[in-house]
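Okay, here's what each chain looks like letter by letter:
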Amino acid sequence: MIIIKTNAEIELIRESSLLVSATLSEVAAFLKPGLTTLQIDKMADDFIRDNGATPSFKNYKGYPFATCISVNDAVVHGFPGKHVLRAGDIISVDVGVYKNGFHGDSAYTFAIGEVAPEVIQLMAVTRESLYKGIEKAVAGNRVGDIAHAIQEYTEKKHGYGVVRELVGHGLGRHLHEDPQVPNFGKKGSGPKLKENSVIAIEPMINLGTKDVYYDTDGWTVRTKDGKPAAHYEHTICIKKHKADVLSSFEGIIANEKKNKELFSDY
Ligand code: MF3
Ligand code: CO
């Protein structure tokens, strides 16, 4: 069942989503070679709690961290840990917060130092594909219209692998609500999008094969061919003419540009 939110509820989801964005902006300012991914998780966890919220992911189905940090061939749900960041890495940082009874969920992929041009291109196309999906996220369209727009742009136009095993989702009082929002599908298929429903759109796009496997930790999803993957996510509210994007990349991009250790020229 797709839950329609009241305007007051949407404002609370916006507050949670913007706290996710603020957390990712802090991460963008803090990132540098030499840090471990666990240090990034700790910083994000503290920032979320200092802002009167709790990390949505911690203890969700037993997930042990505040963030998912997925390095290079890790697509999503990477465990923060001992990996020391070095120039040439790309990392997806996925954050959820729970505040005032509502979740917000967003993710961004960062390049550490100089990264191969084909990988920068993968990141740029994946981020752009998120906006191609958002363009279709209007009342009266169907979930398949979003899915198709993302697949067309990433797979058909650029030849990347679109992960089939994981999808975006509705959210609100729960981190995962109906509907599922795949990044592949047919125009005009799937549930109809209704005004004031809230979804997270999250393209997970691989440079090479679409095929993935689960690492031995039971969570980290990796590409089968070991090539890198990118992942961006926004929480959005469906409206009549244009979706209301409840999370924001603005602060992240500003801090990315200020942070000399990051390669942000894309
Ligand atoms: N954005 C991801 C999702 O919606 C993060 C979930 S991580 C989990 O699936 F640990 F909470 F599962
Ligand atoms: Co999500």
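Here, the structure is the one placed above.
Now for a description of the structure that goes with this document. Only a predicted model underlies this, so the values are computations on that prediction, with no experimental measurement involved.

Once that is clear, we can look at the overall build of the protein. For the protein, the helix and strand inventory stands at 5 helices and 15 strands. A globule of 266 residues ought to have a C-alpha radius of gyration of about 18 Å, and the protein, at 17 Å, matches this closely. By principal-axis analysis of the C-alpha atoms, the protein measures approximately 45 × 45 × 35 Å. Summarising the internal contacts of the protein: among those between residues at least 6 apart in sequence, 72% fall at separations of at least 24. Roughly 11,100 Å² of accessible area belongs to the protein as shown, and the carbon and sulfur atoms make up 52% of that amount. Looking at the protein, you have 32 positive and 34 negative side-chain charges, and the mean spots of the two groups are 4 Å apart.

The next subject is the coordination of the cobalt ion (ligand 2). On the protein side, the cobalt ion (ligand 2) has Asp105 (OD), His169 (NE2), Glu202 (OE) and Glu233 (OE) as donor atoms, found 2.1 to 2.3 Å from it. Considering all 6 donor atoms around the cobalt ion (ligand 2), the spread of angles at the metal, 69 to 175 degrees, places the coordination shape in the irregular class. Expressed as a motif, the donor residue spacing for the cobalt ion (ligand 2) is D-x63-H-x32-E-x30-E. Note that His169 is positioned in strand β7 (residues 168-170) and Glu233 in the loop between β13 (229-231) and β14 (234-237), a separation of 64 residues in sequence. An identical accessibility class is assigned to His169 and Glu233; each is buried.

With that settled, consider the side chain of Ser106. Positionally, Ser106 belongs in strand β5 (residues 102-111). Of the polar contacts made by the side chain of Ser106, one reaches the backbone oxygen of Glu233; its length is 2.7 Å. Once residues within four sequence positions are removed from consideration, Ser106 is found in contact with Val20, Leu24, Val93, Asp94, Val95, Glu233, His234, Ser247 and Phe249.

Surveying the vicinity of ligand 1 reveals 13 residues, the closest of which are Tyr63, Asp94, His169, His176 and Glu233. With respect to ligand 1, the side chain of Asp94 contributes an N or O atom lying 2.7 Å from a nitrogen atom. A distance of 3.2 Å separates an oxygen atom of ligand 1 from a polar side-chain atom of Asp105. Alone, ligand 1 offers 330 Å² of accessible surface; in the complex the protein occludes 95% of this. Split into classes, the residues belonging to the shell around ligand 1 amount to 6 nonpolar, 3 polar and 4 charged.

Right, let's get into the packing of helix α1 (residues 7-30) against helix α5 (residues 250-258). When two helices pack together, their arrangement is captured by the angle between the axes and the distance separating the axes. For the pair α1 and α5, the least separation of the axes is 8 Å and the interaxial angle reads 5 degrees. One element, α1, and the other, α5, form an angle in the roughly parallel class. Contacts between α1 and α5 involve Ser21, Leu24, Ser25, Glu26, Ala28 and Ala29 from the former and Gly251, Ile252, Asn255 and Glu256 from the latter. Considered class by class, the residues forming the contact of α1 with α5 number 4 nonpolar, 4 polar and 2 charged.

With that out of the way, let us pick up the sheet that holds strand β3 (residues 74-76). Strand pairing in a sheet takes place through backbone hydrogen bonds and is either antiparallel or parallel in direction. The 3 strands are arranged β3-β12-β11 in an open sheet whose pairing can be described as antiparallel. Only two strands of the sheet have a single neighbouring strand rather than two, namely β3 and β11 (212-214). With strand direction ignored, the average angle separating the axes of adjacent strands in the sheet is 40 degrees. Pairing analysis gives 3 bridges linking β11 to strand β12 (residues 221-223), with the strands arranged antiparallel. By the bridge assignment for β12, Tyr213 is matched with Arg222.

Our next topic: the packing of aromatic side chains. Enumeration according to the criterion identifies 9 aromatic pairs in this entry. Taken together, a centroid distance of 5.0 Å and an interplanar angle of 75 degrees make the contact between Tyr108 and Phe249 edge-to-face. Of the two residues, Tyr108 is situated in strand β5 and Phe249 in the loop between β15 (244-245) and α5; the sequence distance between them amounts to 141 residues. Just as Tyr108 is buried, Phe249 falls in that class too.

Cut-offs used in this document
Residues numbered from 1 in each chain as written. Chains lettered and ligands numbered in written order. Predicted model: local features only at pLDDT ≥ 70, side-chain atom pairs only at ≥ 80, totals over all residues. Heavy atoms only, no water. Helix = DSSP H or I, 4+ residues; strand = E, 2+ residues; numbered from the N terminus. Rg over C-alpha atoms; globule rule 2.2 N^0.38 Å. Contact = heavy atoms within 4.5 Å. Areas by Shrake-Rupley, 256 points an atom, 1.4 Å probe, with all protein chains shown as cover. Lys, Arg positive; Asp, Glu negative; His and termini not counted. Charge placed at Lys NZ, Arg CZ, Asp CG, Glu CD. Donors = N, O, S within 2.8 Å, 3.2 Å for Na, K, Ca; no water. Tetrahedral: all angles 85-135°; square planar, octahedral: opposite > 155°, others 65-115°. Buried < 20%, exposed > 50% of the residue type's maximum accessible area, 1.4 Å probe, protein only. Polar contact = N/O pair within 3.5 Å; in protein donor to acceptor, adjacent residues only side chain to side chain. Near = heavy atom within 4 Å. Nonpolar A, V, L, I, M, F, W, Y, C, P; charged D, E, K, R; others polar. Axes fitted to C-alpha atoms, helices over the stretch in contact; angles between N-to-C directions. Parallel < 35°, antiparallel > 145°, perpendicular 65-115°, else oblique. Pairing = 2+ DSSP bridges. Phe/Tyr/Trp six-rings, centres within 6.5 Å; stacked < 30°, edge-to-face > 60°.

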